[in-house]
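Chains, contacts and geometry: an overview
Here are the chains, one letter per residue:
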Amino acid sequence: MLDGSASPSAGYHSSHGPPRAKVEAIEVYQQGKKPARPYKEIALFTVDGEGREEADAVQGFIDLARKCGADAVLVDRAATFKKEGGGKIVDTETKEGIQGGGSETIFYPNARCVFRATAIVWTEH
């Protein structure tokens, strides 16, 4: 949690007003997209898994955001892990890769990744 005023059981409590009701619908902003309205970051989520597990990771972030009273989730681009002594890890979106010590090419959907997202609350109602 980035903000000590967020409460998993009672929703987000702002120091500038009454407690807010827990949010059921969470807005999701995918990689590189930011909301136009003002917001405050309240939690950072990370999980590692295979590239093909991204949808599960995002759903988990939405569930966690809901529990901490967030209004929305900003999903970051997944980062890939380089295998020790491995070959080249290639991102299927950019076609860029990281060269390792071996000859094997590992494409993003099969690579180990770190998925990240930030839970936010709107600062103006």
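Residues numbered from 1 in each chain as written. Predicted model: local features only at pLDDT ≥ 70, side-chain atom pairs only at ≥ 80, totals over all residues. Heavy atoms only, no water.

**Brief notes about the pairing of strand β10 (residues 112-122)**
What counts, and what does not: Relative accessibility decides the category of a residue: with a 1.4 Å probe and only protein chains considered, values under 20% of the type maximum give buried, values over 50% give exposed, and everything between is partly exposed. A run of H or I in DSSP counts as a helix once it spans at least four residues, and a run of E counts as a strand once it spans at least two, with each numbered from the N terminus. At least two bridges found by DSSP between two strands are what make those strands a pair.
Most of β10 sits out of view: nine of its eleven residues are buried. Two strands pair when backbone bridges link them, and strand β4 (residues 39-50) and β10 are joined in this way by eleven bridges, in the antiparallel orientation. For L44, the partnering residue across the bridge sits in β10 and is T118. As defined by bridge partners, strand β5 (residues 72-75) adjoins β10 across four bridges and the pair is classed as antiparallel. Its bridge partner being in β10, V73 is matched across the sheet by A119. Strand direction decides the pairing type here: strand β6 (residues 79-80) and β10, joined by two bridges, are antiparallel. Across the sheet, T80 pairs through a bridge with C113, a residue of β10.

**Section: the pattern of salt bridges**
Our working definition: A carboxyl oxygen of Asp or Glu within 4 Å of a side-chain nitrogen of Lys or Arg is what we treat as a salt bridge.
A complete count under the given rule lists two salt bridges for this structure. Between E50 and R52 there is a salt bridge, and its shortest N-O distance comes to 2.3 Å. You can call R52 exposed: its relative accessible area is 54%.

**Overview of the confidence of the model for the chain**
Put simply, the rule is: The predictor rates its confidence in each residue with pLDDT, a number between 0 and 100. The criterion used for residue contact is that any of the two residues' heavy atoms lie within 4.5 Å.
For the chain, per-residue confidence averages 74 on the pLDDT scale, and 56% of positions sit at 70 or higher. A low-confidence stretch, residues 7-19 (pLDDT under 50), is modelled with 23 contacts involving residues beyond four sequence positions or located in other chains.

**Focus on helix α1 (residues 54-67)**
Since one α-helical turn is 3.6 residues long, residues separated by three or four positions face the same way. Put simply, the rule reads: Expected helix span is given by 1.5 Å per residue-to-residue step, counting one fewer step than there are residues.
With 14 residues, α1 extends 20 Å between its outermost C-alpha atoms, agreeing within 8% with the 20 Å of an ideal straight helix rising 1.5 Å per residue. Where α1 is buried, its residues touch β3 (27-29), β4, β5 and β10. G69 occupies a position one or two residues after α1 and carries a positive phi of about 80°.

**Some points on the nonpolar core**
The condition is simple: Nine residue types can take part in a nonpolar core, namely buried Ala, Val, Leu, Ile, Met, Phe, Trp, Tyr and Cys, and a core is a set of them joined through side-chain atoms within 4.5 Å.
The biggest cluster of nonpolar side chains holds 19 residues, and the ones touching the most others in it are I42, F45, F61, A65, C68, V73 and A119. Put simply, the parts of the chain that give this core at least two residues each are β4, α1, β5 and β10. Residue contacts for V73: discarding those within four places in its chain leaves I26, E27, V28, Y29, F61, I62, A65, A117 and T118. If you look at the next biggest cluster of nonpolar residues, it comprises five residues, including Y29, A72, L74 and I120.

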